[in-house]
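Breakdown of the fold
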Amino acid sequence: MIEQVQMEMDRLVRQLQADQREDGSWDYAFDTGIMTDAYMIILLRILEIDDEELVYKLTQRIESKQEDNGSWKLYHNEKAGNLSRTIEAYIALHVSGVYSKEYPALQKSKQFIIAHGGIGKAGAFTKLLLILLGQRSWPKHFPVPIGALLLPSYFPVNIYRISVFGRANIIPILLFAHQKYQVDLSIDLSDLQVRNHESDHTEFFQMEEWRGYFNSAIDQFKSYLHTFFHFNQAAVDFAKEYMMKRIEPDGTFLSYFSSTFYMIIALLSTGYEKTSPVILNAVEGLKAMETTIDGWPHIQYTTAGVWNTSLISSALQEAGVEAENPMIVKANHFLLTRQHTLFGDWILHNTRALPGGWGFSNINMINPDVDDTTASLRAVIGHSILRPEWMQAWSRGLQWTLSMQNDDGGWPAFERGVGDELLKWVPVKGAAFVLSDASSADLTGRTLEFLGNTSKLNKDHPQMIAGKKWLKENQRADGSWYGRWGICYIYGTWAAMTGLMAAGEKQTTPAVQRGVDWLERIQNKDGGWGESCESDLKKQYVPLEKSTLTHTAWALEALIAVSDFPTDQINRGIQYLVKEGQGTGWEYDYPKGQGMGGEFYIHYHSYRYIWPLQTLSRYIKKYSFL
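Because the structure is predicted, anything quoted here is derived from the model rather than measured. (Residues numbered from 1 in each chain as written. Predicted model: local features only at pLDDT ≥ 70, side-chain atom pairs only at ≥ 80, totals over all residues. Heavy atoms only, no water.)

1. Things to note about the pattern of salt bridges
- A complete count under the given rule lists 30 salt bridges for this structure.
- A salt bridge links Arg 618 to Glu 557, with the shortest nitrogen-to-oxygen separation between them at 2.8 Å. Taken together, the residues span a long stretch of sequence, with Arg 618 in helix H24 (residues 607-623) and Glu 557 in helix H22 (residues 549-562) at a distance of 61 residues.
- Residue class for Arg 618 comes out buried when judged on its relative accessible area of 19%.
- Residues joined in a network through salt bridges with shared partners are Glu 318, Arg 378, Glu 449, Glu 557, Arg 618 and Lys 621. (Salt bridge = Lys/Arg side-chain N within 4 Å of Asp/Glu carboxyl O. Helix = DSSP H or I, 4+ residues; strand = E, 2+ residues; numbered from the N terminus. Buried < 20%, exposed > 50% of the residue type's maximum accessible area, 1.4 Å probe, protein only.)

The following block contains the structure:
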């Protein structure tokens, strides 16, 4: 089998070599379905920007993803379809001007929407879109008044107690909600209402207890500011300044589609012209996120240039490609040009650190995260050793990573100390995904794996001990760990187990053995592993009806890390990776990442190459001489 494994590794290396860009990066698609495509059409119509070729092609991609029952889904096995995505797709196709309401695709989606309660049953963020388009009215009182943006850091709940991802979306929302802003696209969606099921304002808007809290806090704060007469205007100015200071070089707001879309709406609400340079630059930034999938354009939620490149460079080096190979040199030079030198919001809770991290996208210059930083450091370690002039950059990245550890011993994604338990009580589906950036098993495990295996940090270092303690305390009763940024329990368990082993945990400890037992229990008959996106909604492992390359690679890496000999389970999994590496089917496009459970899932087009290559390499390294 070793020969077959090596042949598959060689094939993967050739594929990655062929796909590398001239600048050294890999730009495999960051595919989030049709949501951003729909919003892009709507945005172009709001701004009266004539780009009919793009609009037409986006409508074609959206229509190509429609299900037979008229719906659009977040993932293949979402049973009935997704009401919010279907409403957004319907609106986009309608306002595009390409189709009339009588077009079959629109008629089928209309039937689905009505059968599932109408637009009154839309999710919170789709409800916001309906309000913006004048299809619903603004509530008399938005649950969070804009004055809450000025609450200082010593208040129990303030804007800096939520994640930077949450801030980037919530701040512009609060601004245009305060203005009660709406646009007129001359559409009428009243035929999508189901009267006996209607509710004007659900979830996001029925939060009177939160509004009461914020009003009380604001009144208390204002009492200290006896001469501060224009409180709301100061909050409006704060919101605008916050956005403007975080515009990336490409014009986007922190490089996210949603935050940029909301920023544009917020600026319009305060009087900016549609032709304002900041708005037009933002639109061009969003257009630059376009990629091509199956012949149609897709507007990515963000680009994944740094993430793809760091993981691929590491996987290639694991597979035996030398650090001085031109492919690796180009990749790592690209990565080093993307290391951050500017302070971002992370400094607010990590005041003693200097910049040195990496962000997710190739355009991200001020919003680094721990996972991209450790991934980039893994990739460039070879050059840092060979080229002393690069060692300073590597050391800055290592110090930034160490500085980001939470007080509980775990690692977050973007910021220390914003995992407030209070935020879990916000009555909006998925709110914790947006508002919290708590320690997670995937971030903690992957960071420990980097520190132990790449940086060679002493296993007795206090931060290693604290990280191991957090992982063991957060293992689930069934032996698994939950992974925040992937799907889901296989992802978290892989990260936790490889992290524990790199940090010096023994194979025989109960936490490790429980993880092994769980992974072996859920292995499929074909030798692979597969997990459903429903896991993050049900808060427990839900098997997928088919195995996937990525889930199989993750599970195998965990088992390889703890086993001195190739077990039957490991060998069967390796055989699956070799046999299915060039397969096709929906399971190859199934999301392996998530941004917001129940709302936002990610299909990484790079993953079918990265993780099998890395896993097969580790199998060869550990067992080929036995």
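2. A look at the side chain of Asp 442
- In this fold, Asp 442 is placed in helix H17 (residues 441-453).
- It turns out Asp 442 is buried and unbridged, and the closest side chain with the opposite charge, Arg 484, is 7.1 Å from it.
- Of the polar contacts made by the side chain of Asp 442, one reaches the side chain of Ser 440; its length is 2.8 Å.
- Among the polar contacts listed, one links the side chain of Asp 442 to the backbone nitrogen of Trp 485, at a separation of 3.0 Å. (Lys, Arg positive; Asp, Glu negative; His and termini not counted. Polar contact = N/O pair within 3.5 Å; in protein donor to acceptor, adjacent residues only side chain to side chain.)

3. Here we look at the nonpolar core
- One finds Ile 62, Ile 91, Leu 133, Phe 176, Leu 316, Leu 519 and Leu 613 to be the most contacted residues of the largest nonpolar core, which totals 202 residues.
- Residues in contact with Leu 519, not counting those within four places in the same chain, are Thr 493, Met 497, Trp 529, Ala 555, Ala 558 and Leu 559. (Core = buried A, V, L, I, M, F, W, Y, C linked by side-chain atoms within 4.5 Å. Contact = heavy atoms within 4.5 Å.)

4. Quick look at the pairing of strand E2 (residues 290-293)
- Across the two faces of E2 the burial differs, with Thr 291 and Ile 293 buried and Glu 290 and Thr 292 not buried at all.
- The pairing of E2 with strand E3 (residues 296-299) spans 4 bridges and is classified as antiparallel. Each residue of the ladder has a partner; that of Thr 292, found in E3, is Pro 297.
- As consecutive antiparallel partners, E2 and E3 are separated by 2 residues, and within that stretch Asp 294 has a phi angle of approximately 55°, a positive value. (Pairing = 2+ DSSP bridges.)

5. Some words on the environment of Leu 443
- Structurally, Leu 443 is set in helix H17.
- For the pair Leu 443 and Leu 150, spaced 293 residues apart in sequence, the C-alpha separation works out to 31 Å.

6. Structural notes on the sheet that holds strand E7 (residues 600-604)
- Spatial strand order, E1-E7-E6: 3 strands in an open sheet with antiparallel pairing. Single-partner strands in this sheet number two, and they are strand E1 (30-31) and strand E6 (593-596).
- Here 2 bridges tie E1 to E7, and the two strands are oriented antiparallel to one another. Bridging from a neighbouring strand, Phe 30 pairs with Tyr 604 of E7.

7. Notes on helix H5 (residues 104-115)
- The end-to-end C-alpha distance of H5, which contains 12 residues, comes to 16 Å, matching closely the 16 Å that a straight helix rising 1.5 Å per residue would cover.
- Where H5 is buried, its residues contact helix H3 (52-64) and helix H4 (83-95).
- One or two positions beyond H5, positive phi appears at Gly 117, with a value near 105°. (Expected span 1.5 Å × (residues − 1).)

8. Side note on helix H12 (residues 305-318)
- With 14 residues, H12 should reach 20 Å at 1.5 Å per residue; the first-to-last C-alpha distance of 20 Å fits that figure.
- With respect to burial, H12 is a largely interior element, 14 of its 14 residues being buried.
- Following H12 by one or two positions, Gly 320 adopts a phi angle in the positive range, close to 105°.

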